[in-house]
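Structural overview for review
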Amino acid sequence: MKIQRKEKDMETLYKSTRGAERAVASSKAILKGLADDGGLFVPEKIPALDKTPEEFAQMSYQETAYEVMKLYLTDYTEEELKTCIARAYDDKFDTKRIAPLTEADGAYYLELYHGATIAFKDMALSILPHLMTTAAKKNRIQNEIVILTATSGDTGKAALSGFADVEGVRIIVFYPKNGVSPIQERQMVTQKGKNTFVIGIRGNFDDAQTGVKRIFSDGALKERMGAAGFQFSSANSINIGRLVPQIVYYVYAYASLLKEGRIASGEQVNVVVPTGNFGNILAAYYAKEMGLPIGKLICASNENKVLFDFFQSGIYDRNREFVLTSSPSMDILISSNLERLLYRLVGGDAAADAAFMEQLGRSGKYEITEAMKEGLISFYGGYACEEEVAARIRELYEKCGYILDPHTAVASVVYQKYARETKDGRKTVIASTASPFKFTRSVLNAIDPQYDAWDDFALADELSKLSGRAVPRAIEEIRTAPVLHERVCGKEEMADIVCGLLGI
Ligand SMILES: *Cc1c(COP(=O)(O)O)cnc(C)c1O
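The shown structure was predicted, so the numbers you read here are calculated from the model rather than taken from an experiment. (Residues numbered from 1 in each chain as written. Predicted model: local features only at pLDDT ≥ 70, side-chain atom pairs only at ≥ 80, totals over all residues. Heavy atoms only, no water.)

Another point: the overall build of the protein chain. Secondary structure assignment for the protein chain yields 23 helices and 15 strands. In summary, the protein chain has a C-alpha radius of gyration of 21 Å against a globular reference of 23 Å for 504 residues, a match within 12%. Taken over the C-alpha atoms alone, the protein chain extends approximately 60 × 50 × 45 Å along its principal axes. In the protein chain, which comprises 504 residues, the share counted as buried stands at 59%. (Helix = DSSP H or I, 4+ residues; strand = E, 2+ residues; numbered from the N terminus. Rg over C-alpha atoms; globule rule 2.2 N^0.38 Å. Buried < 20%, exposed > 50% of the residue type's maximum accessible area, 1.4 Å probe, protein only.)

Set out below in C-alpha cells:
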C-alpha cells in the first residue's frame, strides 16, 4: 500500500488551464494536444529536479534529457523514454553536443539550431513523433492521428520532417503565404512523404493559429473524424510534448557552463529568449521553477511587441497592426503559451484563467490584477526594432566574426538594453533559435547592402565564407528539390481543406 501511494505521489498528471477536464496522464495529454475545453494542458505541479547541477555536468545531452523528461512524462517506462530520446537526438544533429554554447561579446549563445531543419523547433519536434507514436501504442489508439499545425515558418518544417512517413500519422501544415522567409517556404513546399500536406493561407500567422484552434474545438467535426477513423493532435507548442523537451536544454546549458568552469556551483545565470508564442521562454521558466539557478527570464520581442507592453503595463492587447519583420517566427500577436503562465499567476484558478481567455477572444484584450503582476517579478520584457537588429548583426560580425540570425539578434539587442539599464552583471545565456543560413538575405543585407541582388543560394555560399561554417545539409537539400506543395487557400477555408484531404 505504502509503496503504491509513493508512486502515485511521483506521478505528474495534466489538467486543462480552463479546468473542466479531469487530470490525464502525460501520454494522453500529448495525444490530445489541446484540452477539449480549449485550454492548454499543464502539469498539476512542477516537479523538482532530483539531480544536482554537478551531476548534470557529467551527463550527455541524452542523459540530461532522460533525467528531466522522466519527471514530466511519468507514464512512459524508462525504456520507452530512453528509446524516444535515442531516436530523436542522433546524427540528425550535426554536433554530438546537440546544443552547444558559443561565447561572443560577453554572452553565451546556446545554439539550438544544429538539427535537421536548422531552427530550435527541432529540439522538440525531433522527439515529439516518437513520444506520440509511443503514446498511441500505450493507449491502444486505432485511429489514424492527424497532426494539424499552424506555423510562422519553423514549426512547419520541423514537424513535417519529424512526422514524414511515420506510420499511422498524417500531417497538415498551414503557413501564412506571404509571412515566411523564402528559405522557410522552400523548405516546406519541397517536403517529401506521402502523409504530408502543406497549404499557404491568405492571412497571417495569427489567422492560421486561430483557424487551427477553431478546428480543434469543433465538436461536430471531431465526431465526423472519429466516425471515419481519425483523430486530431497538435505539433504546436501548445502540445505539452513540445514544452517538456525544451526544458532539457536549459538544464544542459547550465551544466555545460559549470563543467567548463565558467560559473561556480549554484551561481545564477540569466536567460534571454527571442519570443513569439511564449513556448521557449516558458520552458526556461519551468526549468527555474524546478530549481535550476536561473536569475532573470528576459523576454525579447521584435516590433510586434505585445509581450513587452504586457510586462510593462499588465495589459495584454492584441489590437494593433501586425508587422512583418525579418524575424517572422516571432511575428505573433497571440502568444498562446502565455496562458500557461497566466494560469500560474492566478494560482491555478481555472475559472479565472478561462475568463481572461474569454476576454481575449471577445475584445482582444485583458488586464491582470496587481497581485498577479507580482508573480512576474522574475521576467523582464524588451524589444528590438528592425534597424537595431540589423545593426547588431553587423556589429557582432565585425567584432567577433560571429553571425546571428535575425531572431537571435533581437535577443542580443534586448540583452544589451537590459544590461545597460539594470547593470545586472550576472552571466547570461541567449537562446540562439535559428541558423543564420535560414535567413541569409536579411543577415547578409545587414552586413552589407551590396548583397541585395544575389540569389538565395549564392548568399548561402557567401555566408559560409564569412562565417567559416559549412552550408548546412538542410540548405543543400533544397537547392534542387522539386516543389511538391502548391496549394493556397483563404483563412475561412481551412476546415473545408482538412475535410477534403481526409475525404470526410
Ligand atoms: C518559433 C521561433 C521563435 C519563437 O519561439 P516561441 O517558443 O514561439 O516563443 C523564435 N525564433 C525562432 C527562430 C523560432 O523558430
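There is more to say, and it comes next.
Turning our eyes to something else, we now look at the nonpolar core. As a rule of thumb, nonpolar side chains are buried together in soluble globular proteins. Counting 115 residues, the largest nonpolar core has Tyr72, Leu73, Tyr250, Phe278 and Tyr366 as its most contacted members. In terms of residue count, helix α12 (residues 240-259) provides more of this core than any other element does, 14 residues in total. Discounting residues that sit within four places of it in the chain, Phe278 has contacts with Cys299, Leu307, Phe311, Ser335, Asn337, Leu338, Leu341 and Phe379. The next biggest cluster of nonpolar side chains, apart from the first, holds 42 residues, and it includes Ala107, Tyr109, Leu459 and Ile475. (Core = buried A, V, L, I, M, F, W, Y, C linked by side-chain atoms within 4.5 Å. Contact = heavy atoms within 4.5 Å.)

Looking now at the site of the ligand. Around the ligand, the surrounding shell holds 15 residues, and the nearest of these are Lys121, Asp154, Gly276, Asn277 and Thr433. Contact distances for the ligand include 2.5 Å between an oxygen atom and a side-chain N or O atom of Asp154. In the environment of the ligand, an oxygen atom lies 2.7 Å from a nitrogen or oxygen atom belonging to the backbone of Asn277. Bound to the protein, the ligand loses 98% of the 390 Å² it would expose on its own. In a pocket analysis with a 2 Å cut-off to the grid points, the ligand is assigned to the largest cavity. Its residues placed into classes, the shell around the ligand shows five nonpolar, eight polar and two charged. (Near = heavy atom within 4 Å. Polar contact = N/O pair within 3.5 Å; in protein donor to acceptor, adjacent residues only side chain to side chain. Areas by Shrake-Rupley, 256 points an atom, 1.4 Å probe, with all protein chains shown as cover. 1 Å grid on protein atoms, 1.4 Å probe; cavity = no way out; pocket = protein on both sides within 12 Å on 5 of 7 lines; lining within 4 Å. Sits in = over half its atoms within 2 Å of the grid points. Nonpolar A, V, L, I, M, F, W, Y, C, P; charged D, E, K, R; others polar.)

Another aspect to go through is helix α16 (residues 350-363). Between its first and last C-alpha atoms α16 spans 20 Å; for 14 residues at 1.5 Å apiece the expected length is 20 Å, and the two agree. Of the positions making up α16, those classed as buried are Ala350, Asp353, Phe356, Met357 and Leu360. The arc that holds every buried residue of α16, seen down its axis, measures 125°, which confines them to one face. Counted as exposed and oriented over 90 degrees from the buried face of α16: Ala351 and Arg362. The N-cap residue of α16 is Asp349: its side-chain oxygen and the backbone nitrogen of Ala351 are 3.1 Å apart. Where α16 ends, the next residue or the one after it, Gly364, has phi of about 75°, a positive value. (Expected span 1.5 Å × (residues − 1). Arc of directions from axis to C-beta.)

Bringing the packing of helix α20 (residues 440-447) against helix α21 (residues 456-467) into the picture now. At a closest axis distance of 9 Å, the pairing of α20 and α21 adopts a crossing angle of 55°. Between α20 and α21, the angle falls in the class oblique. The hand of the α20/α21 crossing is left-handed. Residues Thr440, Arg441, Val443, Leu444 and Ile447 of α20 touch α21, and the partners they reach there are Asp456, Leu459, Ala460, Glu462, Leu463 and Leu466. (Axes fitted to C-alpha atoms, helices over the stretch in contact; angles between N-to-C directions. Parallel < 35°, antiparallel > 145°, perpendicular 65-115°, else oblique. Left-handed = near helix turned anticlockwise from the far one by under 90°.)

Right, let's talk about the pattern of salt bridges for a bit. As enumerated under the stated definition, the model contains 35 salt bridges in all. Residues Asp90 and Lys92 are paired through a salt bridge, measuring 3.0 Å at the closest nitrogen-oxygen approach. With a shortest N-O distance of 2.8 Å, Asp309 and Arg320 are connected by a salt bridge. Taken as a pair, Asp309 in helix α14 (residues 306-313) and Arg320 in the loop between β11 (315-317) and α15 (338-345) lie far apart in primary sequence, 11 residues in all. With relative accessibility at 18%, the residue Asp309 sits in the buried group. Here Arg320 falls in the partly exposed class, since its relative accessible area comes to 28%. Among the charged side chains, a network of salt bridges with common partners joins Asp50, Lys51, Glu67 and Lys70. (Salt bridge = Lys/Arg side-chain N within 4 Å of Asp/Glu carboxyl O.)

To continue, consider empty space enclosed by the protein. Per the stated rule, a full pass over the model turns up three cavities of 30 Å³ or more. Empty space within the largest cavity amounts to approximately 260 Å³. Lining the largest cavity are 27 residues, with Phe120, Lys121, Gly276, Asn277 and Ser329 positioned closest to its centre. Residue assignment for the lining of the largest cavity shows that the elements contributing at least two residues are α8 (154-163), α12, β9 (269-274) and α13 (279-289). In terms of residue count, α13 provides more of the lining of the largest cavity than any other element does, three residues in total. Its residues assigned to classes, the lining of the largest cavity shows 10 nonpolar, 14 polar and three charged. In terms of lining, the second largest cavity is formed by Tyr250, Ala253, Tyr254, Val269, Val271, Leu292, Ile294 and Val429. Contributions of two or more residues to the lining of the second largest cavity are made by α12 and β9. Looking at the lining of the second largest cavity, the element that brings in the most residues is α12, giving three residues. Class assignment of the residues belonging to the lining of the second largest cavity gives a composition of eight nonpolar, no polar and no charged. (Points joined across faces, edges and corners; volume = space filled by probe spheres on them.)

We now examine the sheet that holds strand β7 (residues 196-202). Reading across the sheet, the five strands line up as β8-β5-β6-β7-β15 and stay open at both edges, with parallel pairing between neighbours. Lying at the two open borders of the sheet, with one neighbouring strand each, are β8 (230-233) and β15 (488-490). Each strand of the sheet is rotated relative to its neighbour by a mean of 30°, with strand direction disregarded. Two elements, β7 and β15, share three bridges in a ladder whose sense is parallel. Paired with Gly200 across the bridge in β15 is Val488. Relative to strand β6 (residues 169-176), α8 is tilted by about 165°, and along the sheet it contacts β5 (144-150), β6 and β7. (Pairing = 2+ DSSP bridges.)

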